[in-house]
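# Descriptive structure summary
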Amino acid sequence: MDHDPTRLLESTELSPTVRALLERGRARPAVDYDVAAGVARFHVSLEGAPSGQSLTRRLWNFSKAAKLALFLVACLSLVATLFLITPSPPASPQARAAPSTRGFPQPFPAQTAPAADSGEASARVRPALSSAEPQPSTTPAAEPLHNAPAVRVRAVKRGPPAPAARRSHQRPNVAPPPALPDRVVAAPPLAVASRPVEVTSDVSQSSVDSIDELRAIAQARRLMANEPQTALALLERLTRAHPKGYFVEEREALRVLALSAAGRSDQAERYAESFLRAYPNSPFADRIRTIAEH
Amino acid sequence: MSHDPPEGCPSIDSETLFRSYGAFVASFLHRLGVRAADLDDAVQDVFMAAHRKGGYRSGAASPTTFLGRLALDARRSVRRRNLRFWKAHGESAASAVGGTDASGPEQALILRQTTDQLQAALEELEPEVRAVFLLFELEGESCKAIAAAFGLKIGTVYSRLHHARTTFQAYLAQAERREQKALLRHHGPRPDALTRKY
């Protein structure tokens, strides 16, 4: 009140006309209003009229707020769905350069080796293709391999290139012949061991790649009982082809089981521990935990 | 003004408000430009709105500013209901009503002219500005109470008040000059005007 400006009627420099008008306006009401009649009508209007914030009005306000909240949630869900549906670009140039996994049972030609592989690995693979005899430099399966990133199955290599689906119908069991372990350039256990288990839930591959990945997982599982080394090689190949695949959990679980089946208990335990850290609630957890406790 | 606010009431119910401030609300609505035919409905709207709010509750806003805010809202709704009439007759529809407290015909004419002149000057102001001007200059309310009732910053109230005063006085000065010119045209210059030095 103290900071309010001086009222016009309290000002000494006010013109007589303005002063007279303001005094008139302050002294007398502008209209003659019959308050008693107004109150009587007001009584009639009040019958049944709620006072204050009635329960109905509060419910109405609450329903409006709930509708607004639902609308916002729906908008956010739509945006999130669109974001997830949109295919993401390849994760890295290495993944882009990796060979296509369409028809995974197809043999791994030397030119399809990942670009990141060393030249030494390529040099090791090419002679195996050119010669019919097994290479003397081929490392035995039981021996740890440090620099052999690829696996080659001769029986599969000889087959004509065909779509994966048709081949899977013709030969549902594509297990290699009994001599296969001798023909296998075994998978690189140490290189695998030095690579940590990748934990990711991002679907970074297309649906077609996911189907191929699943097919490879199924084949590795079939090979695991009788040919654990081959299964390991397939799993390592799968790791390179789909480093952030959709079935990483299954792949790593099969790797632990295959290592255990191959008698490589130390590596199996290491992989089992890292697997249990990454997927403590996995359906494979019980079996993997059994291996880790041994 | 003739309204008698209840003394020391922290909260006032709507009926008591009506009895104490009914005349003020009617006068305020009239000065905001509500025509006589809509005045009773507008007054009822104001106090029904006050009833829905649970009456007046003591706070920064006074009962007068509280009802002034509701009256401004009621004026908007009345204008919306009768938009066709307002478009046809303009803002001066309420100027036909005035207090009749004169002792004789001549006094009544003077009062009527004064009332019309005041209303004409008020109608130069926007309704929101006019409400602030009326509450501050005629009702004697503080700027703080006005700001609290209308949900305005105190600076906005000062600004509106300044604008209202300037416009109000400028209109009256211009009206006075027009009147003097008209007198000169019909009756010639006043005797004192010939000797006045500027």
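Residues numbered from 1 in each chain as written. Chains lettered and ligands numbered in written order. Predicted model: local features only at pLDDT ≥ 70, side-chain atom pairs only at ≥ 80, totals over all residues. Heavy atoms only, no water.

### Digging into the overall build of chain A
Formally: Only DSSP runs of H or I reaching four residues or more are called helices, and only runs of E reaching two or more are called strands; each is numbered from the N terminus. Note on contacts: a residue pair is in contact if any heavy atoms of the two residues lie within 4.5 Å. Note that accessible areas follow from Shrake-Rupley with a 1.4 Å probe, and for residues the cover is restricted to the protein chains shown.
The secondary structure content of chain A amounts to 14 helices and zero strands. Mapped in sequence order, the helices and strands of chain A form the string α-α-α-α-α-α-α-α-α-α-α-α-α-α. In chain A, the proportion of contacts linking residues at least 24 apart, taken out of those at least 6 apart, comes to 69%. Approximately 17300 Å² of chain A is accessible, and the part contributed by carbon and sulfur atoms is 58%.

### Description of a nonpolar patch on the surface
To keep things clear, this is the line we draw: To count toward a patch, a residue needs a relative accessible area over 30% and no salt bridge; like charges are then connected within 9 Å, while nonpolar side chains (Val, Leu, Ile, Met, Phe, Trp, Tyr) are connected within 5 Å. When a carboxyl oxygen of Asp or Glu lies within 4 Å of a side-chain nitrogen of Lys or Arg, that pair is called a salt bridge. Remark: exposure states derive from per-residue accessible area (1.4 Å probe, protein chains only) relative to the maximum for the residue type, with buried under 20%, exposed over 50%, and partly exposed in between.
Together, Leu 68, Phe 71 and Leu 72 of chain A make up a nonpolar patch on the protein surface, roughly 320 Å² of accessible area in all. Exposure remark for Leu 72 of chain A: the relative accessible area of 47% places this residue in the partly exposed category.

### Considerations on the interface of chain B and chain A
Our working definition: Here the quantity called buried area is the total loss of accessible area, with a 1.4 Å probe, experienced by two parts when brought into contact, counted for both. Any pair of nitrogen or oxygen atoms within 3.5 Å is treated as a polar contact; in protein, a donor-acceptor pairing is required on top of that, and neighbouring residues in sequence qualify only through side-chain atoms on both sides. Throughout this entry, Asp, Glu, Lys and Arg are counted as charged residues, while Ala, Val, Leu, Ile, Met, Phe, Trp, Tyr, Cys and Pro are counted as nonpolar. The remaining residues, Gly among them, count as polar.
Listed per partner, the contact involves 48 residues of chain B and 35 residues of chain A. Counting the surface lost from both chain B and chain A, the interface buries some 3800 Å², and carbon and sulfur atoms represent 62% of this. At the boundary of chain B and chain A, one finds two salt bridges. Across the pair Asp 40 of chain B and Arg 41 of chain A runs a salt bridge whose closest N-O atoms are separated by 2.8 Å. At the junction of chain B and chain A, the tally comes to 15 residue pairs in polar contact (both at pLDDT 80 or more). Mapped by element, the contributors of at least two residues to the side of chain B that touches chain A are helix H1 (14-31), helix H2 (36-52), helix H5 (105-122), helix H6 (127-138), helix H7 (143-150) and helix H8 (154-187) of chain B. Sorting elements by how many residues they give to the side of chain B that touches chain A places H1 of chain B first, with ten residues. The residue makeup of the side of chain B that touches chain A, split by class, is 19 nonpolar, 16 polar and 13 charged.

### Points about the nonpolar core
Convention followed: Residue types Ala, Val, Leu, Ile, Met, Phe, Trp, Tyr and Cys, when buried and joined through side-chain atoms within 4.5 Å, form a set referred to as a nonpolar core.
Leu 22 of chain A together with Leu 17, Leu 29, Phe 47, Leu 67, Phe 133 and Phe 168 of chain B are the most contacted members of the largest nonpolar core, which has 64 residues in total. Here this core takes nine residues from H1 of chain B, the largest share from any one element. Every residue in contact with Leu 29 of chain B, bar those within four places of it in the chain, is listed here: Val 34, Leu 39, Ala 42, Val 43, Val 46, Ala 71 and Arg 75 of chain B. Of all hydrophobic cores here, the second largest spans 28 residues; its members include Leu 232, Leu 235, Leu 254 and Leu 257 of chain A.

### Concerning the side chain of Asp 212 of chain A
Residue position: Asp 212 of chain A is located in helix H10 (residues 207-226). A distance of 3.0 Å separates a polar atom in the side chain of Asp 212 of chain A from a polar atom in the side chain of Arg 215 of chain A.

### Observations concerning the packing of helix H1 (residues 16-27) of chain A against H5 of chain B
What counts is decided by this rule: Note on definitions: angles span 0 to 180 degrees between N-to-C directions of axes, and those axes are lines fitted to C-alpha atoms, for helices only across the stretch in contact. Each angle gets one of four labels, with under 35 degrees taken as roughly parallel, over 145 as roughly antiparallel, 65 to 115 as roughly perpendicular, and the rest as oblique.
One can describe the packing of H1 of chain A onto H5 of chain B by two numbers: an axis separation of 10 Å at closest approach and a directional angle of 100°. It follows that H1 of chain A is roughly perpendicular to H5 of chain B by the angle criterion. Along its contact with H1 of chain A, which presents Thr 17, Leu 21, Arg 24 and Gly 25 of chain A, the element H5 of chain B presents Leu 111, Thr 114, Thr 115, Gln 117 and Leu 118 of chain B. Partitioning the contact of H1 of chain A with H5 of chain B into residue classes produces three nonpolar, five polar and one charged.

### Side note on H7 of chain B
Residue and element names in this part refer to chain B. The element H7 is extensively covered by neighbouring structure, given that six of its eight residues are classed as buried. Residues Cys 143, Ala 145, Ile 146, Ala 147, Ala 149 and Phe 150 constitute the buried set of H7. Looking at the buried positions of H7, the neighbouring elements they touch are helix H3 (63-81), H6 and H8. Looking one or two residues past H7, Gly 151 carries a phi angle of roughly 65°, positive in sign.

### Side note on the pattern of salt bridges
All names here are of chain A. Within this structure, the stated rule accounts for 14 salt bridges over all chains. The partner of Glu 236 in a salt bridge is Arg 255, with the nearest N and O atoms 3.6 Å apart. With Glu 236 in helix H11 (residues 228-241) and Arg 255 in helix H12 (residues 248-261), this pair connects stretches of sequence that are 19 residues apart. Counted as one network, the salt bridges with shared partners bring together Glu 236, Arg 240, Arg 251, Glu 252 and Arg 255.

### A look at the packing of aromatic side chains
Each aromatic ring pair is summarised here by two numbers: the centre-to-centre distance and the angle between the ring planes. For clarity, the threshold we go by: Only Phe, Tyr and Trp rings take part, Trp by its six-membered ring, and two of them pair if their centres are within 6.5 Å. Stacked means planes under 30 degrees apart, edge-to-face means over 60, and tilted covers everything else. In this scheme, Lys NZ or Arg CZ marks a charge over a ring once it lies within 6 Å of the ring centre and within 35 degrees of the ring normal.
If you walk through the whole model with that rule in mind, you get eight aromatic pairs over all chains. Ring centres 5.1 Å apart and planes at 45° place the aromatic pair Phe 275 of chain A and Tyr 279 of chain A in the tilted group. Tyr 279 of chain A carries the same exposure label as Phe 275 of chain A, and that label is buried. Aromatic ring contacts, followed pair by pair, group Phe 42 of chain A together with Phe 18 and Phe 47 of chain B into a single cluster. Its guanidinium or amino end placed over the ring of Phe 136 of chain B, Arg 7 of chain A lies 4.1 Å from that ring's centre, counting from NZ or CZ.

### What to know about the environment of Gly 245 of chain A
Residues and elements named next belong to chain A. Within the element layout of this structure, Gly 245 appears in the loop between H11 and H12. You can call Gly 245 buried: its relative accessible area is 2%. Taking the C-alpha atoms as reference points, Gly 245 and Asp 209, separated by 36 residues in sequence, lie 8.5 Å from one another.

### Overview of H12 of chain A
Residues and elements named next belong to chain A. To be explicit about the condition: Expected span of a helix: the number of residues minus one, times 1.5 Å.
With 14 residues, H12 extends 20 Å between its outermost C-alpha atoms, agreeing within 8% with the 20 Å of an ideal straight helix rising 1.5 Å per residue. When we look at burial in H12, the residues that qualify are Val 248, Arg 251, Glu 252, Ala 253, Leu 254, Arg 255, Val 256, Leu 257, Ala 258 and Leu 259. Phi turns positive one or two residues past the end of H12, at Gly 263, with a value near 85°.

### Some remarks on the side chain of Ser 62 of chain B
On the secondary structure map, Ser 62 of chain B appears in the loop between strand S2 (56-57) and H3. Those residues in contact with Ser 62 of chain B, other than ones at most four positions away along the chain, are Tyr 56, Glu 141 and Ala 145 of chain B.

### So, the confidence of the model for chain B
Residue and element names in this part refer to chain B. Condition: Looking at any residue, its pLDDT shows the predictor's confidence there, from 0 to 100.
When the pLDDT values of chain B are averaged, the result is 81; 80% of them are 70 or greater. The low-confidence segment residues 91-99, where pLDDT is below 50, has 28 contacts with residues more than four positions distant or belonging to other chains. The complex model carries a pTM of 0.46, and its ipTM stands at 0.73.

### Digging into the packing of H11 of chain A against H12 of chain A
Residue and element names in this part refer to chain A. As a reminder of what qualifies: In a left-handed crossing the near helix is turned counterclockwise from the far helix by less than a right angle, and in a right-handed crossing that turn is clockwise.
Two elements in contact, H11 and H12, have axes separated by 9 Å at closest approach and are oriented at 150°. Classified by the interaxial angle, the pair formed by H11 and H12 is roughly antiparallel. Crossing angle aside, the handedness with which H11 passes H12 is left-handed. Only Arg 251, Leu 254, Arg 255, Ala 258, Leu 259 and Ala 261 of H12 make contact with H11, whose side of the interface consists of Pro 228, Ala 231, Leu 232, Leu 235, Glu 236, Leu 238 and Thr 239. In terms of residue class, the contact of H11 with H12 is built from nine nonpolar, one polar and three charged.

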